[in-house]
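Listed here are the chains, written in short residue letters.
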Amino acid sequence: MLTPITVTLAATTLGSIAVGMGWVLGWANRTFHVEVDPKVDAILAALPGANCGGCGYVGCSDYAEAVARGEAPISLCPPGGAGTAAALASIMGVEVGETLPYRAVIHCSATLQQRLKRTAYRGEPTCAAANLVAGVQGCTYGCLGLGDCMRACDYDAIEVVDGLARIDYRKCIGCKACAKACPRNIISMVPFKADRIMIVGCSNKDFGPVVKEVCSIGCIGCKACTKATDLFTMKDNLPVLDYDRYDPAAVNMQPAIDKCPMESLVYVGKPSRQDLAAVAAEDLPNRVEADFKTTVDDTEWRG
């Protein structure tokens with residue numbers, strides 16, 4: 001049976017331990033406290049919280065800290081767009097400047113029927129696995145069409161149609177997930193100065209005769225587009241479109257399209273009302289519906 005002395009001793013001991021622990025926790029809080037810049041909390045509140053990694057940082061928190069330190073631009077958030085950039089500019093006390101949305105483009109526009117020298121593939125149904133197998137298709141640069149990019153997209157902005165990945169630009173936010181998932185690095189991020197822009201729908205760096213053996217619409221490096229406009233330059237047998245100077249609203253690219261013998265120049269994006277009205281009575285050709293970019297070098301824009 002517990003005596004009053006035992007109960008009192010136990011209570012005193014527990015109380016002393018509680019006071020001691022409280023003092024230790026208070027000391028630790030003061031000693032190890034890390035000051036948080038109030039701007040970080042404000043920036044984090046202004047961000048959409050998607051944690052998509054499209055800004056190049058691990059998540060919104062890391063990006064918020066980088067912006068607060070002045071180490072990252074305020075315009076790197078794809079889901080937030082111009083609105084978020086304006087909010088961050090207000091918090092940081094800087095000018096917004098011009099912010100262009102970056103969207104994914106797939107540098108291949110060949111459907112299954114247009115790819116030559118194809119063989120049956122019965123391995124794991126992923127692009128990553130098929131890319132390790134030689135001879136799956138003649139073109140070693142083009143889209144494998146097994147949907148790794150589609151599965152990586154959290155916004156349902158990609159579908160595979162007839163063996164070719166296609167982007168729904170009404171849904172694409174430019175998060176870069178598809179670009180990271182593509183084992184052939186044929187997806188890149190391009191600044192959209194308009195809802196609909198031109199790209200080069202091929203990534204094959206081989207010479208013309210070799211390209212013709214593996215694809216019926218691949219770029220043969222004929223340089224015809226460079227003669228139609230100085231916005232194109234050639235690199236590794238592929239035309240490169242200068243997006244810094246390319247203004248879809250001011251530049252007529254039809255002469256370049258007419259000169260291209262292989263339908264390698266394609267438009268991607270959302271068609272305007274004028275575009276839809278112009279083809280209201282006919283089917284849209286493949287060159288208007290395809291998507292694009294370059295090959296293993298995903299640091300280069302290929303038109």
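Above this text sits the structure in question.
Report follows, based on the coordinates. (Residues numbered from 1 in each chain as written. Predicted model: local features only at pLDDT ≥ 70, side-chain atom pairs only at ≥ 80, totals over all residues. Heavy atoms only, no water.)

A separate point is the overall build of the chain. Across its full length, the chain carries twelve helices and nine strands. Burial statistics for the chain: of 303 residues in total, 40% are counted as buried. The contacts in the chain between residues at least 6 apart in sequence include a share of 66% that link residues at least 24 apart. About 16,400 Å² of surface is accessible on the chain, with carbon and sulfur atoms providing 56% of the total. (Helix = DSSP H or I, 4+ residues; strand = E, 2+ residues; numbered from the N terminus. Buried < 20%, exposed > 50% of the residue type's maximum accessible area, 1.4 Å probe, protein only. Contact = heavy atoms within 4.5 Å. Areas by Shrake-Rupley, 256 points an atom, 1.4 Å probe, with all protein chains shown as cover.)

With that settled, consider unusual backbone geometry. A negative phi angle is the norm for most residues apart from glycine, just as the trans form is the norm for most peptide bonds. For D156, which is not glycine, the phi torsion reads 55° and is therefore positive. Residue classification places D156 among the exposed residues on the basis of a relative accessible area of 54%. In this structure, D236 takes a positive phi of about 55° despite not being glycine. With respect to the secondary-structure elements, D236 resides in the loop between strand 6 (232-235) and strand 7 (238-241). D236 sits in the partly exposed class, given a relative accessible area of 37%.

This part is about the packing of aromatic side chains. One pair of aromatic rings is described through two measures. These are the centre distance and the angle between the planes. This structure, assessed with the given rule, holds three aromatic pairs. Aromatic side chains Y57 and Y63 sit 5.8 Å apart centroid to centroid with 40° between the ring planes, which places their arrangement in the tilted category. The class for Y57 is partly exposed, based on a relative accessible area of 28%. Arranged with centres 5.2 Å apart and planes meeting at 35°, the rings of Y169 and F192 form a pair that is tilted. Remark: F192 occurs in the loop between strand 4 (187-191) and strand 5 (196-200) and Y169 occurs in the loop between strand 3 (164-167) and helix 7 (177-181); sequence separation between them is 23 residues. Residue Y169 shares its accessibility class with F192, and that shared class is buried. The ring of Y267 carries R196 above its face, with NZ or CZ at 4.4 Å from the centroid. (Phe/Tyr/Trp six-rings, centres within 6.5 Å; stacked < 30°, edge-to-face > 60°. Lys NZ or Arg CZ within 6 Å of the ring centre and 35° of its normal.)

Attention shifts here to empty space enclosed by the protein. In this structure the tally under the stated criterion is six cavities of 30 Å³ or more. Contributing to the lining of the largest cavity are 16 residues, with C108, A110, C139, G142 and C215 lying nearest its centre. Taken together, the residues of the lining of the largest cavity break down into seven nonpolar, eight polar and one charged. (1 Å grid on protein atoms, 1.4 Å probe; cavity = no way out; pocket = protein on both sides within 12 Å on 5 of 7 lines; lining within 4 Å. Points joined across faces, edges and corners; volume = space filled by probe spheres on them. Nonpolar A, V, L, I, M, F, W, Y, C, P; charged D, E, K, R; others polar.)

Bear in mind that shape data such as this cannot, by itself, settle questions of function.
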